Amino acid sequence: MTVTTPPAPVRTVTPVTGTGKRRVTRGRLGLHAFLMVVSLAFLAPLLLAVYASLRPYEETAKYGYFSLPRHLSFDYYAQAFNDSGMGKYFVNSLIIAVPGVLLTLFLASFVAFCVTRLRIRGGLVLLMVFTAGNLLPQQVIVTPLYVLFTKIDLPYWMSDSMTMYDSYWAVLAVQVAFQVGFCVFVLANFMRTIPDEIVEAARVDGAGVWTQYWNITLPLCRPALAALATLQFTWMYNDFLWALVFISDGDKLPITSALNNLRGQFFTDYNLLAAGSVIVALPTVLVFLLLQRHFIAGLTLGASKG
């Protein structure tokens, strides 16, 4: 008797295009093309401002802003910095923004820690109150705050006007008050992702509340703190409304007011104004570059979970 064995199955080998490389598809190419277009759309005003700041006004007035350059120089940058007195305005903005960011993050992180880790009674209601504060339009309370700050007395070494009005303290207080709610909301959600076992182990080892907060929780919140620090510095540095309302002394105004010094009474050189705008934007770009790694880590946290 003859026994026939079935033929062995034929294995198809799929060619490997590359080790660790993703296959390029039309959808991926379309996605990258769309992202490039959106990025260029957001960068277009900044690129146009930089391009205009490098060209003489006479050239752009004759040929237009979208023409090819005949002459490029950095003369407008030196002129904008000197004519507007940006040096002192930079210092004024840093006096408001740097303490404002540090104080906002400290208060917000402490409130978020109390709500998420200490399990205090009414913690959820407290979180809702801080979050609801962001829904209040800031312009609504301009007049009440103006009247209030004129009635709050301060010693001479804190304010030349002897009141909270016309001092950095007024702008600093408003900035912190309005930004704490948003930071509490973000940090509270971030701290909930930290395993409870870490804090419980520290509690067993005898760690107090301050140690749990300062030495354990805050280091784990570094990505979220860096992302918030970048956003908060940008918002406080670029703000002009509150300084315009609560400061009457021109020498105390922030950097955003320096651009107004580049506008003439009868004529405005917009190329010079563009150079001044680029100079004003440099600190925020520098802060983002310094905190870029932590900022991106804070934004993408949890993207790969689940």
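Residues numbered from 1 in each chain as written. Predicted model: local features only at pLDDT ≥ 70, side-chain atom pairs only at ≥ 80, totals over all residues. Heavy atoms only, no water.

The name an unreviewed UniProt entry assigns to the protein chain is ABC transporter permease, from the organism Streptomyces violaceusniger. Recorded in UniProt for the protein chain, the comment headed Sequence similarities (unreviewed entry) runs: "Belongs to the binding-protein-dependent transport system permease family." According to the UniProt record, the Subcellular location (unreviewed entry) comment for the protein chain reads "Cell membrane". (UniProt positions renumbered as here; feature names shortened; annotations may be inferred.)

## Regarding the layout of surface pockets
The computed volume of the largest pocket comes to approximately 160 Å³. Of all the elements in the fold, those that place two or more residues in the lining of the largest pocket are α4 (86-116) and α9 (209-220). Looking at which element gives the most residues to the lining of the largest pocket, the answer is α4, with four residues. In the lining of the largest pocket, the residues fall into seven nonpolar, one polar and no charged. (1 Å grid on protein atoms, 1.4 Å probe; cavity = no way out; pocket = protein on both sides within 12 Å on 5 of 7 lines; lining within 4 Å. Points joined across faces, edges and corners; volume = space filled by probe spheres on them. Helix = DSSP H or I, 4+ residues; strand = E, 2+ residues; numbered from the N terminus. Nonpolar A, V, L, I, M, F, W, Y, C, P; charged D, E, K, R; others polar.)

## Brief notes about empty space enclosed by the protein
A complete count under the given rule lists one cavity of 30 Å³ or more for this structure. If you add up the space inside the largest cavity, you get close to 40 Å³. As for the largest cavity, its lining consists of S93, I96, V171, Q175, M236, Y237, D239, A243 and P254. Broken down by secondary-structure element, the contributors of at least two residues to the lining of the largest cavity are α4, α7 (168-191) and α10 (222-238). When the residues that make up the lining of the largest cavity are grouped by side-chain class, the tally is six nonpolar, two polar and one charged.

## Concerning α9
Taking 1.5 Å of rise per residue, the twelve residues of α9 would be expected to cover 16 Å, and the 16 Å separating its terminal C-alpha atoms lies within 8% of that figure. Among all positions of α9, only Q212, Y213, I216, T217 and L218 are buried. On its buried face, α9 is in contact with α4, α7, α8 (196-204) and α10. (Expected span 1.5 Å × (residues − 1). Buried < 20%, exposed > 50% of the residue type's maximum accessible area, 1.4 Å probe, protein only. Contact = heavy atoms within 4.5 Å.)

## Side note on the pattern of salt bridges
For the structure on display, the rule yields four salt bridges. One salt bridge connects E59 with R55, and the closest N-O pair in it is separated by 2.9 Å. For R55, a relative accessible area of 1% gives the class buried. (Salt bridge = Lys/Arg side-chain N within 4 Å of Asp/Glu carboxyl O.)

## Let's talk about the UniProt feature "transmembrane region" (unreviewed entry) in the protein chain
What UniProt calls "transmembrane region" (unreviewed entry) maps, in this numbering, to residues 31-54, 89-113, 125-148, 168-188 and 270-291. End C-alpha to end C-alpha, residues 89-113 measures 36 Å, and it is 100% helix and 0% strand. Counted over residues 125-148, helix gives 62% and strand 0%. Its end C-alpha atoms are 28 Å apart.

## A look at the packing of aromatic side chains
Overall, the coordinates contain 15 aromatic pairs when judged by the stated rule. With a centroid separation of 6.4 Å and 75 degrees between ring planes, the pair formed by F106 and Y213 is classed as edge-to-face. Here the residue F106 occupies a position in helix α4, and Y213 occupies one in helix α9, the gap between them amounting to 107 residues. Taking the relative accessible area as the measure of exposure, F106 reaches 36% and is therefore partly exposed. One aromatic cluster in this structure is built from F106, F110, F113, W210, Y213 and W214. Sitting above the plane of the Y63 ring, R70 keeps its charged end 3.8 Å from the centroid. (Phe/Tyr/Trp six-rings, centres within 6.5 Å; stacked < 30°, edge-to-face > 60°. Lys NZ or Arg CZ within 6 Å of the ring centre and 35° of its normal.)

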